Amino acid sequence: IFIIRRWEGGDPGVSNQKTPTTILLTPDGKYHSFGYAARDFYHDLDPNDSKQWLYFEKFKMNLHTTSNLTIETDLEAANGKKVKAIEIFACALMFFKDHALQELSDQAGSQFGNPDVRWVITVPAIWKQPAKQFMRQAAYKAGLASPDCPEQLIIALEPEAASIYCRKLRLHQMIDLSAKDAANGYSATETLSSGITHAKECTRRNRQSRTFLVENVIGEIWSELEQGDRYIVVDCGGGTVDLTVHEVKLPEGHLKELYKASGGPYGSIGVDFEFEKLLCKIFGEDFIEQFKIKRPAAWVDLMIAFESRKRAAAPGRINPLNINLPFSFIDYYKKFRGHSVEHALRKSSVNFVKWSSQGMLRMNPDAMNALFKPTVDHIIQHLLNLFQKPEVSGLKFLFLVGGFAESPLLQQAIQSNLADRCRVIIPHDVGLTILKGAVLFGLDPTIIKVRRSPLTYGVGVLNRFVEGRHPTEKLLVKDGTRWCTDVFDKFITADQSVALGETVKRSYTPAKPSQMVIVINIYCSENDNVNFITDASVKKCGTLRLDLTGTDSPSLPARREIQTLMQFGDTEIKAMAVDIATSKCVKAGIDFLNY
């Protein structure tokens with residue numbers, strides 16, 4: 001597995017294997033740059049110019065938090081202007097595409113084109129169908145694949161990818177937090193850091209070229225994972241925490257999901273948000289709001305300074321953390337309030353943040369830990385709840401992965417709360433685990449054989465009315481027959497196991513023989529015991545569209561039957577259909593975005 005290491009920019013004190021999700025468009029809306037390059041260019045613009053440029057950061061989470069996501073959904077730039085989200089995502093993906101193809105061509109010494117590549121895009125498992133479909137549409141727009149050749153792009157789920165990779169780890173590629181007893185005279189913390197130094201040394205030796213880190217994965221699964229073993233992968237990223245529970249099926253080592261993907265918006269952005277709340281408390285919300293609008297580049301600067309201090313936070317730390325305040329923050333505050341930043345800090349009720357004479361905010365370590373607390377508590381609570389579930393009993397390992405998993409504060413919290421239930425293991429290079437797993441998934445997408453459906457899906461149908469079982473307000477009499485309306489015909493229920501390739505069959509008949517398109521509403525619910533599409537927890541979530549054009553033959557029977565097969569066992573929901581009379585394929589599609 002080759003990892004592209006060469007990203008322009010990067011912050012002092014932060015290893016730049018991962019790029020920030022930032023993108024910059026020119027004042028007329030053309031793509032300019034991505035990642036560190038975008039951030040630094042935006043930051044160096046003249047303040048008056050920068051108001052014209054469109055700068056977006058941390059925008060990936062919008063797909064999860066927007067409740068009614070469509071192709072038309074907008075994102076707001078730092079200067080308040082709005083741009084279609086699909087444009088932004090497509091720009092980012094196009095940048096990745098060009099960057100990767102260029103890198104491949106440079107390394108191979110011959111030109112690589114897009115048709116030579118199969119792309120894998122990872123998304124959090126807790127994302128709903130519309131967000132997954134949105135990613136696919138953005139990828140089509142960016143030219144990674146096309147509706148005519150959808151197989152060229154695979155959507156992978158992040159904790160699943162991590163799980164596939166973790167299974168293949170050998171012991172020296174992991175830090176086992178559970179080995180608490182002193183090893184050869186060292187305390188656990190010392191072996192931890194010497195382990196990391198050793199890993200860095202290996203990484204350095206492995207760096208065969210300037211750009212790529214080559215990983216050698218021979219000597220597969222270490223002997224510790226056996227048939228029927230269960231483990232949980234906790235993927236803590238910037239925006240979300242995503243959990244998945246897997247059981248190993250030998251001899252091939254296939255994986256089976258034991259409980260539907262769960263998690264929530266408890267990523268490390270939550271810590272940034274707490275810092276912002278702290279600043280509002282000290283300097284006033286009105287000032288912070290204005291400062292963000294009037295000095296957007298300086299705000300970005302302040303958050304960069306916070307980022308590197310955030311990474312220095314650790315459980316045993318005693319010395320304070322200093323955060324540089326940009327000059328324009330100090331300057332603008334004086335204009336805005338008429339007194340100094342120092343005065344504000346002295347007057348504020350926040351006593352663990354001080355002003356240091358070098359123009360910095362001094363936070364004592366407890367203050368920093370307090371910023372982490374809400375997010376870390378959410379994660380622990382979620383895990384403790386999950387461990388209560390009967391399906392999740394007997395877990396052998398907990399793999400902690402994702403960018404936020406690098407945080408010693410989070411590691412310690414998980415260790416102290418869960419070590420008695422299973423072994424807590426952190427892969428080296430924990431931020432890249434998902435990426436490497438996604439590559440393995442792309443090579444063999446059938447590795448995960450059984451998944452759990454996160455929701456109940458189905459359609460509304462008419463059934464024969466049964467006295468005493470059906471409510472009278474649902475009664476419909478048609479040609480002398482008594483029907484019950486709005487019955488929820490379930491394709492699959494929440495948390496039901498579905499095997500890869502397993503299909504749900506239904507037959508549909510056009511209302512009249514000449515009808516060329518059948519559109520059927522699809523409903524979903526988080527509960528499994530729903531009976532009617534009008535129940536409180538049920539909502540319309542998409543459409544199934546059957547296109548019958550081109551299937552007509554001269555001798556069409558009066559009553560046509562279209563058999564529809566739907567697959568729920570993959571990372572995306574798929575549909576196909578056949579006209580029973582002619583045995584011809586019918587174009588079928590499920591749309592969760594434009595319905």
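Definitions and limits used
- Numbering of residues starts from 1 in every chain and runs along the sequence as written.
- Reporting of local features is limited, given that this is a predicted model, to residues whose pLDDT is at least 70; pairs of side-chain atoms are given and counted only at 80 or more, and all residues count toward the totals for whole chains, interfaces and linings.
- Side-chain measures were taken over the full set of non-hydrogen atoms in the model, leaving aside hydrogen atoms and water.
- Here a helix means four or more residues in a row that DSSP labels H or I, a strand means two or more in a row labelled E, and each is numbered from the N terminus.
- For each residue, the accessible area found with a 1.4 Å probe, counting protein chains only, is set against the maximum for its type, and the residue is called buried under 20%, exposed over 50%, and partly exposed in between.
- For Phe, Tyr and Trp, rings pair up if their centres lie within 6.5 Å, where Trp contributes its six-membered ring, and each pair is then called stacked (planes under 30 degrees apart), edge-to-face (over 60) or tilted (otherwise).
- Taking the helix axis as origin, the arc is that swept by the directions to the C-beta atoms.
- Here, residues are in contact when the closest pair of their heavy atoms is within 4.5 Å.
- Here, the term nonpolar core denotes a set of buried Ala, Val, Leu, Ile, Met, Phe, Trp, Tyr and Cys residues that are joined through side-chain atoms within 4.5 Å.
- Helix span is expected to be 1.5 Å times the residue number reduced by one.
- Whenever a helix is involved, its axis is fitted only over the stretch in contact; in every case the axis is a line through C-alpha atoms, and angles between N-to-C directions fall within 0 to 180 degrees.
- Helix crossings fall into two classes, left-handed where the near helix is turned counterclockwise from the far one by less than a right angle and right-handed where it is turned clockwise.
- By the convention adopted, Pro, Cys, Tyr, Trp, Phe, Met, Ile, Leu, Val and Ala count as nonpolar, Lys, Arg, Asp and Glu as charged, and the other residues, Gly among them, as polar.
- The predictor attaches a confidence to each residue, and that confidence, scored 0 to 100, is pLDDT.
- In this scheme, strands are said to pair when DSSP sees at least two bridges between them.
- Two N or O atoms count as a polar contact when they lie within 3.5 Å, although within protein this holds only if one can serve as hydrogen donor and the other as acceptor, and sequence-adjacent residues are included solely when both atoms are side-chain atoms.
- Salt bridges, as used here, are contacts in which a Lys or Arg side-chain nitrogen is within 4 Å of a carboxyl oxygen on Asp or Glu.
- Small angles under 35 degrees read as roughly parallel and large ones over 145 as roughly antiparallel, with 65 to 115 read as roughly perpendicular and the rest as oblique.

Going by an unreviewed UniProt entry, the protein carries the name Heat shock 70 kDa protein 12A and comes from Scyliorhinus torazame.

K.L.:
I would appreciate a short explanation of the environment of His 343 in the present structure.
P.N.:
Relative to the elements of secondary structure, His 343 occurs in helix α12 (residues 341-347). According to the relative accessible area criterion, His 343 is partly exposed, its value standing at 27%. Along the chain, His 343 and Trp 355 lie 12 residues apart, while their C-alpha atoms are 9.2 Å from each other.

K.L.:
Just checking my understanding: could you explain the packing of aromatic side chains for this structure?
P.N.:
For any pair of aromatic rings, the description rests on two quantities: the centre-to-centre distance and the angle between the ring planes. Under the defined criterion, the tally for this structure stands at 27 aromatic pairs. Plain terms: the ring middles of Phe 95 and Phe 96 are 6.0 Å apart, the flat faces sit at 55° to each other, and that makes the pair tilted. Taking relative accessible area as the criterion, Phe 96 reaches 32% and is therefore assigned partly exposed. When the centroid spacing of 6.2 Å and the interplanar angle of 25° are considered together, the rings of Phe 372 and Phe 404 count as stacked. Residue Phe 372 is located in helix α13 (residues 365-388), and its partner Phe 404 is located in the loop between β17 (395-401) and α14 (408-418); the two are separated by 32 residues in the primary sequence.

K.L.:
Would you take a moment to explain helix α1 (residues 35-44) for this structure?
P.N.:
Working note: α-helix, 3.6 residues per turn, so residues spaced by three or four point in the same direction. Those residues of α1 that sit buried are Gly 35, Tyr 36, Ala 38, Arg 39 and Tyr 42. Here the buried residues of α1 occupy an arc of 165° about the axis, which is enough to place them on one side. The elements touched by buried residues of α1 are β2 (22-25), β3 (31-34), α2 (47-50), β4 (54-57) and α10 (296-310).

K.L.:
Any chance you could explain the nonpolar core here in plain terms?
P.N.:
As a rule of thumb, soluble globular proteins bury nonpolar side chains together. In terms of nonpolar packing, the biggest core is built from 86 residues, with Phe 283, Leu 383, Leu 398 and Ile 414 touching the most fellow members. Residue contributions to this core peak at 11 residues, all from α13. Once residues lying within four places of it in the same chain are set aside, the contact partners of Phe 283 are Ile 288, Phe 329, Tyr 333, Arg 337, Val 341, Ala 344 and Leu 361. Ala 77, Val 117, Phe 134 and Ala 139 belong to the second-largest nonpolar core, a separate cluster that totals 42 residues.

K.L.:
Just checking my understanding: could you explain helix α5 (residues 129-141) for this structure?
P.N.:
Over its 13 residues, α5 runs 18 Å from end to end, which matches the ideal 18 Å to within 8%, given 1.5 Å per residue. Turning to α5, its buried residues number three or more, namely Gln 129, Ala 131, Lys 132, Gln 133, Phe 134, Met 135, Arg 136, Ala 138, Ala 139 and Tyr 140. Structurally, α5 contributes buried residues whose contacts are with α3 (62-65), α4 (85-108), β7 (119-123), β8 (153-157), β20 (456-464) and β29 (584-591). Positive backbone phi, at 85°, marks Gly 143, one or two positions downstream of α5.

K.L.:
Before we go on, may I ask you to explain the packing of α13 against α14 in this structure?
P.N.:
A pair of packed helices is captured by two measures, namely the crossing angle of their axes and the spacing between those axes. Between α13 and α14, the shortest axis-to-axis distance is 10 Å and the interhelical angle comes to 35°. Viewed along their axes, α13 and α14 form a crossing whose handedness is right-handed. Of the residues in α14, those in contact with Asn 369, Phe 372, Val 376, Ile 379, Ile 380, Leu 383, Leu 384 and Phe 387 of α13 are Leu 409, Leu 410, Ala 413, Ile 414, Asn 417 and Leu 418. Of the residues that constitute the contact of α13 with α14, the class distribution is 12 nonpolar, two polar and no charged.

K.L.:
Just checking my understanding: could you explain the confidence of the model for the protein for this structure?
P.N.:
Low pLDDT means the predicted atomic positions in that stretch should not be read closely. Per-residue pLDDT for the protein has a mean of 83; in total, 86% of the residues score no lower than 70. In this model residues 180-223 is a low-confidence stretch, pLDDT under 50, and it forms 60 contacts with partners more than four residues away in sequence or in other chains.

K.L.:
Explain the sheet that holds strand β26 (residues 539-547) here, please?
P.N.:
Backbone-to-backbone hydrogen bonds join strands into a sheet, with any given pair of strands oriented parallel or antiparallel. Taking strand neighbours across the sheet as the criterion, the nine strands line up as β21-β22-β20-β25-β26-β29-β28-β27-β24 in an open arrangement whose pairing is antiparallel. For this open sheet the edge positions go to β21 (475-478) and β24 (503-508), each flanked by a neighbour on one side alone. Direction aside, neighbouring strands of the sheet carry axes that sit 35° apart on average. Pairing analysis gives eight bridges linking strand β25 (residues 517-525) to β26, with the strands arranged antiparallel. Residue pairing for β26: Val 517 is matched across the bridge by Asp 547.

K.L.:
Honestly, the side chain of Lys 310 in this entry has me stumped. Any pointers?
P.N.:
Examined against the element boundaries, Lys 310 turns out to sit in helix α10. Reaching out from Lys 310, the side chain makes a polar contact with the side chain of Glu 307 at a distance of 3.2 Å. When neighbours within four sequence positions are excluded, Lys 310 is seen to be in contact with Ser 268, Val 271, Asp 272, Met 368 and Phe 372.

K.L.:
Please clarify how unusual backbone geometry should be interpreted in this entry.
P.N.:
You will see that Asp 495, though not glycine, has its phi angle at about 70°, which is positive. Topologically, Asp 495 is positioned in the loop between β22 (481-492) and β23 (497-499). Backbone geometry places Ser 583, a non-glycine residue, at a positive phi of 60°. Along the chain, Ser 583 falls in the loop between β28 (574-579) and β29.

K.L.:
Could you clarify how one ought to interpret the pattern of salt bridges in this entry?
P.N.:
Side-chain pairs of opposite charge can arise whenever the charged atoms involved come near each other. Taken as a whole, this structure holds 28 salt bridges when the rule is applied. Of the charged contacts in the structure, one is a salt bridge between Asp 272 and Lys 58, with a shortest N-O distance of 2.8 Å. Here Lys 58 lies in the loop between β4 and α3 and Asp 272 lies in helix α8 (residues 269-283), a separation of 214 residues in the sequence. For Lys 58, a relative accessible area of 36% corresponds to the partly exposed category.

K.L.:
What's the story with the sheet that holds β2 in this structure? I'm lost.
P.N.:
An order of β3-β2-β4 is seen for the three strands of this open sheet, with the pairing classed as antiparallel. Of all strands in the sheet, those bounded by a partner on one side alone are β3 and β4. Looking at each pair of strands side by side, their axes are set apart by 15° on average, direction ignored. α1 rests against β2, β3 and β4 of the sheet, and its axis sits at about 55° to β2.

K.L.:
What am I meant to see in the environment of Pro 124 here?
P.N.:
Tracing the backbone through its elements, the reader meets Pro 124 in the loop between β7 and α5. The spatial distance from the C-alpha of Pro 124 to the C-alpha of His 64 is 9.0 Å, given a sequence separation of 60 residues. Excluding its chain neighbours within four sequence positions, the residues that come into contact with Pro 124 are Lys 60, Leu 157, Glu 158, Thr 240 and Asp 242.

K.L.:
What is the right way to look at the environment of Arg 295 in this model?
P.N.:
Looking at where Arg 295 falls in the secondary structure, it is placed in the loop between α9 (285-294) and α10. Expressed as a C-alpha distance, the spacing of Arg 295 and Phe 329, which sit 34 residues apart in the sequence, is 8.3 Å. Aside from chain neighbours lying at most four places away, what touches Arg 295 is Gln 290, Ser 328, Tyr 332 and Lys 335.

K.L.:
What's the story with the packing of α1 against α10 in this structure? I'm lost.
P.N.:
Running from amino to carboxyl end, α1 crosses α10 at an angle of 130°, the nearest separation of the two axes being 8 Å. The angle between the axes of α1 and α10 places the two elements in the oblique class. Considering the relative orientation of α1 and α10, their crossing is left-handed. Counting all contacts with α1, which are made through Arg 39, Tyr 42 and His 43, the residues of α10 involved are Pro 296, Ala 297, Val 300, Asp 301 and Ile 304. A class-by-class count of the residues in the contact of α1 with α10 yields five nonpolar, one polar and two charged.

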